[in-house]
Amino acid sequence: MVFLRYTFVSFLLIDTIIGAYFPINRQGWTATADSFQDGNEPSKAIDGNANTFWHSRYNPDDPLPNSITIDMKQSFSVNGVSYQPRQDGSGNGRIGQHRIELSADGQSWGQPVAIGTYVNDATTKRTTFIARSARYVRITALSEAQGANNPWTSAAEINVFTEANYRSRSGWSGIWLNTVDIPIVPAAAANLPNGKVLLWSAYRIDDFGGGTGQTQTAVYDPTTGEVTQRLVTNNQHDMFCPGISMDFNGRIVVTGGNDEQKTTIYDPTSDQWVAGADMKISRGYQSTTTTSNGRVFNIGGSWSGGEGGKNGEIYDPSANQWSLVQNALVSPMLTNDRAGVYRSDNHAWLFGWKGQSVFQAGPSKAMNWYTTTGTGGVQGAGLRSTSQDAMNGNAVMYDAVAGRILTVGGAQHYQAAQATADAYNITIGNPGTTPQVAKTASMSFARGFANAVVLPDGTTFVAGGQSWVEPFTDTTAALVPELWNPATGAWTQLNPMAIPRTYHSIALLLPDATVLVGGGGLCGGCGTNHWDAETFVPPYLLNADGSRKARPVIQTVAQTVRLGASLAITTGGQVRSFSLVRLGTATHTVNTDQRRVPLTPSGSGTSYTVTIPSDAGVALPGYWFLFAIDNNGTPSIAKTIKVTT
Ligand SMILES: *[C@@H]1O[C@H](CO)[C@@H](O)[C@H](O)[C@H]1NC(C)=O
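The residue numbers shown here count from 1 along each chain, following its written sequence. Where totals are concerned, whole chains, interfaces and linings use all residues; where local detail is concerned, this predicted model gives features only for residues with pLDDT of at least 70, and gives and counts side-chain atom pairs only at 80 or more. For side-chain calculations, the full set of non-hydrogen atoms in the structure is used, while hydrogens and water are omitted.

Enquirer: Honestly, the sheet that holds strand β17 (residues 263–267) in this entry has me stumped. Any pointers?
Expert: Two strands in a sheet stick together by hydrogen bonds in their backbones, pointing the same way (parallel) or opposite ways (antiparallel). The criterion for strand pairing is that DSSP finds at least two bridges linking the strands in question. Going along the chain from the N terminus, every DSSP run of H or I of four or more residues is numbered as a helix, and every run of E of two or more is numbered as a strand. The strand order across the open sheet built from 4 strands is β15-β16-β17-β18, with neighbouring strands paired in antiparallel fashion. The open sheet has two edge strands, β15 (243–246) and β18 (272–276), and neither has a second partner. Between one strand axis and the next, the sheet turns by 25° as a mean value, whatever way the strands run. Across 4 bridges, strand β16 (residues 252–255) lies against β17 in antiparallel orientation. Between N-to-C directions, angles cover 0 to 180 degrees, with each direction set by a line fitted to C-alpha atoms, over the stretch in contact for helices.

In structure tokens, the structure reads:
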């Protein structure tokens, strides 16, 4: 196996590297802590005996944060830390919010390798991150696990992991920041207008079952690193395997899934989950998209609520009412999956477009135009060039002004199938017209169950997935992300991530122009649950030596702007262009909310004006991230603005 480490070329090799982590022998190690109770010394956390534990002093004068520092006595390539809470039945001192840091000398610690929140239970928590050389490991507890408000910290066992096949990453692009530990396995996600990220799993934090009426949720704040957890029961909606769309007011409309008739709306203004009207047709694995008049079109979804006949219906958020659009037939968009309609009407690639139309770009090899007015309709839009059915591939509108869509990956069958590395460049015009489609360069890695995120500069970032699609496995996972350049059609390989992201993974653009990639698994006692996310810093934010580039700054801009209106923007200095990227939602490879609108400014220096497209099918109203991009191609941190009708 040793020879493999020098030829990092194939997905098989990446798979070899996954799971090649092992705990380091702790013999001779020492541990110190800022506080301990006599009999519960820090050494008890590395003694190999789960019945003994480190505990901070039973004295409120040693309040949180508490930290424990482990000296391994020599350097290792460290890529993981596990934390086992005390095993005596008491929850006192269980770590909740925390950070994990590494050091070569026990003095300087640098940026944390992990932040986040552990779930409040007695199971062992395992954090994986990009390997770094270190002799010292420090875990700092910032709070007790949620639900407890004691001033203590305890740990039965702490292990440190090393990567067997550590390789130098010089010459690769981009940087993966710290891992974020999340107290649920996030299988669904949505950007919020306040910059936070809403995440949810199913009725359980790590497993799903049929129609249980509750959902485990979490919110991650990228600016503070804080992750909070909340069980949502008031809507009796288990929101696992849903359709998700953001309406004109940034409200997140979640439909079906495990409770297959339900509609639930997350309102970011009140931070409440509220019940919406039941759908006319029960669904799970359907797709939804917001249309140019602010309604939510919904089609497919035989995974739950019975198989077949999942024709269109549409939701009016202001009237809280679903109506059938019965001639928006599902049959033209079926794939030829060997499992039949249970799989073949899943996860449609939908784009709300001009005149209340919806363009369906896949995953079927046939593309279609849907009419959503009246009783609806469907009209063929031809084949996606040479593409086969591409279930669990991705489709991204990287330039809504020009009608451009990139599609990548997917497989002919939902599971037990070879994924493709192929990618296609689609240009749509007026509804009902035949789109232009051409194959663009293929990715270096075949992927199904990946995520694709359009970046402010119009490049598309693709991360995760696996070449042989098999839910709840991480075999054949692609750890190397790729970036597609719309100007050249070429792909660039980027630095590999630490954690596989396959079935049930998510990715979203963050307002600081980095990308959050997380989740995967949600299969109970299985080995592929990923209670975490990693953040990728794209090359446009980095100098060649990995340091951060200076960024342009948006100083002032209105918080709302109407379609077709001009928008005045002041900046900290000269910029080249602006772009809008609509806030995204993600689950099961589907993100019908993200899209990018490039904006050509007039003006110079620190004062610019842009014009918002006038067509609601292009600049779909709702919340968008506004980025300024300087002459080096470096984006600013976004201002979130609301586009209104
Ligand atoms: C995508 O398609 C459009 C329309 O055919 C074309 O102008 C553009 O150059 C294509 N981009 C790439 C990278 O192939």
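Anyway, onward from the coordinates.
Enquirer: In this structure, what is going on with the site of the ligand? I would like to understand it.
Expert: The environment of the ligand is formed by Arg-404, Asn-425, Thr-427, Gln-436, Trp-484, Pro-486 and Gly-489. Take Asn-425: an N or O atom from its side chain is 2.3 Å from an oxygen atom of the ligand. Any N or O atom pair separated by 3.5 Å or less is treated as a polar contact, with the protein-specific requirement of one donor-capable and one acceptor-capable atom, and with residues adjacent in sequence counted only for side-chain atom pairs. The contact in question runs from an oxygen atom of the ligand to an N or O atom on the side chain of Gln-436, over 3.2 Å. In the complex, 61% of the free accessible area of the ligand, which totals 370 Å², lies under the protein chains. The residue makeup of the shell around the ligand, split by class, is 2 nonpolar, 4 polar and 1 charged. When at least one non-hydrogen atom of a residue lies within 4 Å of a molecule or strand, that residue is treated as near it. Note that accessible areas follow from Shrake-Rupley with a 1.4 Å probe, and for residues the cover is restricted to the protein chains shown. Put simply, Ala, Val, Leu, Ile, Met, Phe, Trp, Tyr, Cys and Pro go in the nonpolar bin, Asp, Glu, Lys and Arg in the charged bin, and everything else, Gly too, in the polar bin.

Enquirer: Is there a simple way to explain the nonpolar core in this structure?
Expert: When a protein is soluble and globular, its nonpolar side chains tend to lie buried together. Throughout this description, the term nonpolar core refers to a set of buried Ala, Val, Leu, Ile, Met, Phe, Trp, Tyr and Cys residues connected via side-chain atoms within 4.5 Å. Think of it in three bands: with a 1.4 Å probe and only protein chains considered, a residue is buried below 20% of the maximum accessible area for its type, exposed above 50%, and partly exposed in between. Formed by 71 residues in total, the largest nonpolar core has its most connected members in Ile-252 and Phe-461. The element contributing the most residues to this core is strand β32 (residues 448–454), with 5 residues. Apart from residues no more than four positions distant in its own chain, Phe-461 is found in contact with Trp-176, Asn-451, Ala-452, Val-453, Leu-455, Pro-481, Glu-482, Leu-483, Leu-494, Val-515, Val-517 and Phe-536. It only takes one pair of heavy atoms within 4.5 Å for two residues to be counted as in contact.

Enquirer: Sorry if this is basic, but what is going on with the environment of Leu-510 here?
Expert: Topologically, Leu-510 is positioned in the loop between β37 (505–509) and β38 (515–519). Looking at Leu-510, the relative accessible area reads 2%, which means it is buried. Separated by 73 residues in the primary sequence, Leu-510 and Leu-583 place their C-alpha atoms 8.9 Å from one another.

Enquirer: Looking at this structure, how should I read the state of the cysteines?
Expert: When the sulfur atoms of two cysteines share a covalent bond, that bond is a disulfide. Counting rule for disulfides: a pair of cysteine sulfur atoms within 2.5 Å. For the coordinates displayed, the defined rule picks out 1 disulfide. One disulfide in the model links Cys-523 with Cys-526; its S-S distance is 1.9 Å. Taking the sign of the S-S torsion, about 60° here, the bridge from Cys-523 to Cys-526 comes out right-handed. Under the relative-accessibility criterion, Cys-523 is labelled buried at 17%. The thiol of Cys-241 is unpaired, and the distance to the nearest cysteine sulfur, on Cys-523, comes to 12 Å. Residue classification places Cys-241 among the buried positions, given a relative accessible area of 1%.

Enquirer: Any chance you could explain the domain arrangement of the protein chain here in plain terms?
Expert: Reports often express the size of an interface as the amount of accessible area lost when the parts come together. Examined at the domain level, the protein chain breaks down into domain 1 (18–166), domain 2 (177–541) and domain 3 (554–644). Here the C-alpha centroids of domain 1 and domain 2 sit 36 Å apart. The partner domain 2 presents 23 residues to the 17 residues of domain 1 that form the contact. Where domain 1 abuts domain 2, roughly 1500 Å² becomes buried across the two surfaces, and 54% of that area is made up of carbon and sulfur atoms. Salt bridges, as used here, are contacts in which a Lys or Arg side-chain nitrogen is within 4 Å of a carboxyl oxygen on Asp or Glu. The interface formed by domain 1 and domain 2 includes 0 salt bridges. Where domain 1 meets domain 2, there are 9 residue pairs in polar contact (both at pLDDT 80 or more). Residue ranges labeled as domains rest on an automatic or database domain assignment. Throughout, the accessible surface (probe 1.4 Å) given up by two parts as they are put together, summed over both, is called the buried area.

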